[in-house]
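Residue strings, one per chain:
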Amino acid sequence: EMEDAMEEFLSLLREARLGLRSEVREVDFAKLFVLGLQHDVVALLYDQLYRFPNFPEDLQPQWKKMAIRTNAIQAMKSDRFVRLYRRFLEADLKVLVLKGIVCRSLYPKPDNRPSNDEDLYVRKEDSARAEQIMVEDGFQVANRSAEVTTLLDTASGLSIEMHTTLFSEKSQAYGSYQRFFADAFAHPAVHQIMGCDIYSLSHAQHMLFLIMHFVKHFLHGGVGIRQVLDIIMYAERFGTEIDWPHLYAVLEEEHVLTLSENVFAIAVDHLGFDVSRITLPEGIDLSALDYEDLLDDIVAAGLFGKSSKEREHSSTITLNAAADGKRTLRKTLFPSVSDLSGKYPYLKDHPWMLPRAWGSRIFHYLSDRDQGSAKGAVELGNRRVELLRKYKVIAEELKG
């Protein structure tokens, strides 16, 4: 019956993104609510379901409240973001906006597709000036690392991540992606959003970024359905302005073309993706692709692959496999300082405390047994490595 819930989930999202009214039918409201929460699409689903006369009375008020709250908070954050962005324009500072508000603007009802934060891409030499503008505008620095600074506006709850690089070049698994965005500032696209000119990556680069960002999350702990929706919304809207053969050549070079083709096939079959708006890869028949286990993984992953502790822990296994084609449990339980410094900030200044981080990590790992055990994480990790093999992200011959 999980199969049925998944089909219902996808067909409602298809209708939501296409701005269609959903026909009343029998659905499993409870399962849909859980999936909606895990994928952060509660408002998108509610907008399709609220007319259904069979909506359970114990669930509707709770769901309605969450949907309204999502809309209200997102509207406030978007408004706050545009006010800030005008400051960058006034200062004549080239700040590129990624995903977030740009993707949201493509949906029939943008506030139904919320963002956790807005991502900015700035040149290294502009980052201090951009930060100064944000601080003068009332934002506070919440976190700072070499490649990303997080700023927060407490009044609206808007969080901004300012990146000087899009993909950490230190990452063995996907550090090579950054080179495709080096010239991003030379030819930005401009989006008219809420009466404001918002600069972003060129359409071809943004498309590539959305796909590579999907791959990055897929390598970490998995990736949710919303990123698939964003990819196809963007592809349909701007497909005619993208050099697809070049894009496919880059994806091929990075070993993620087969994976991307399977994502497109899922989108065609389940989300109404109109591929007449794009150019498909030479000689590819999407209907012949076997994407079932990829789709299961996406639905099970939830937003950003955080649906279970097991999934979060399994990411170490998939990242290592993508980096060197080998799986090691040792590295899963004893990662390096750079792997862990995000989770344990004290390691940045005190790398000698790494054993303490291992200790607390293994302790959490073992005490999280109700949420999934070390064994479960290893099994999931190994299963997801098989997925990476199947979709040719890592080579067949590299058996552990």
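For the structure, check the block above.
Scoring rules and cut-offs
Counting of residues starts from 1 at the beginning of each chain's written sequence and follows it residue by residue. Owing to the predicted nature of the model, reporting of local features is limited to residues with pLDDT of at least 70; listing and counting of side-chain atom pairs is limited to 80 or more, with chain, interface and lining totals taken over all residues. Water and hydrogen atoms play no part in the side-chain values, which are based on all heavy atoms of the structure. Definition of nonpolar core: a set of buried residues of the types Ala, Val, Leu, Ile, Met, Phe, Trp, Tyr and Cys, connected through side-chain atoms within 4.5 Å. Accessibility here uses a 1.4 Å probe with only protein chains present; expressed as a share of the type maximum, an area under 20% marks a residue as buried, one over 50% as exposed, and anything in between as partly exposed. Numbered from the N terminus, helices here are DSSP runs of H or I no shorter than four residues, and strands are runs of E no shorter than two. Residues are treated as being in contact if the distance between any of their heavy atoms lies within 4.5 Å. In this description, strands pair whenever DSSP reports at least two bridges between them. Only the contacting stretch of a helix is used when fitting its axis, a line to C-alpha atoms as for every element, and angles between N-to-C directions run 0 to 180 degrees.

(A) Representation of the nonpolar core in the model. Of all hydrophobic cores here, the largest spans 113 residues; its most connected members are Trp63, Phe88, Phe181 and Ile198. The element contributing the most residues to this core is helix α7 (residues 203–220), with 10 residues. In this view, phenylalanine 88 contacts Leu93, Val95, Leu120, Ala130, Ile133 and Met134; residues no more than four positions away in its chain are not counted.

(B) Focus on the environment of glutamate 261. Along the chain, glutamate 261 falls in helix α10 (residues 257–271). Between the C-alpha atom of glutamate 261 and that of leucine 280, which follows or precedes it by 19 residues, the distance is 8.6 Å. Those residues in contact with glutamate 261 that lie beyond four places of it in its chain are Pro281, Ile284, Leu286 and Leu289.

(C) Fine view of the sheet that holds strand β3 (residues 140–144). Here five strands make up an open sheet; going across it, the order is β1-β2-β5-β4-β3 and the pairing mixed. Edge positions in the open sheet fall to β1 (96–98) and β3, since each of these has one partner strand only. Between one strand and the next, the sheet's axes are offset by a mean angle of 30°, whatever the strand orientation. Across six bridges, the pairing between strand β4 (residues 148–153) and strand β5 (residues 158–163) is antiparallel. Looking across to β5, one finds that threonine 150 is bridged to glutamate 161. Docked against the sheet, helix α4 (residues 60–90) engages β1, β2 (118–121), β4 and β5, running at close to 40° with respect to β5. Relative to the sheet, helix α6 (residues 127–136) contacts β2, β3, β4 and β5, its axis offset from that of β5 by approximately 170°.

(D) The arrangement of the pairing of β2 in detail. Side-chain alternation along β2 places Glu118 and Leu120 on one buried face and Asp119 and Tyr121 on a second face that is also buried. Judged from the four bridges that link them, β2 and β5 form a sheet pairing that is parallel. Bridging from a neighbouring strand, aspartate 119 pairs with glutamate 161 of β5.

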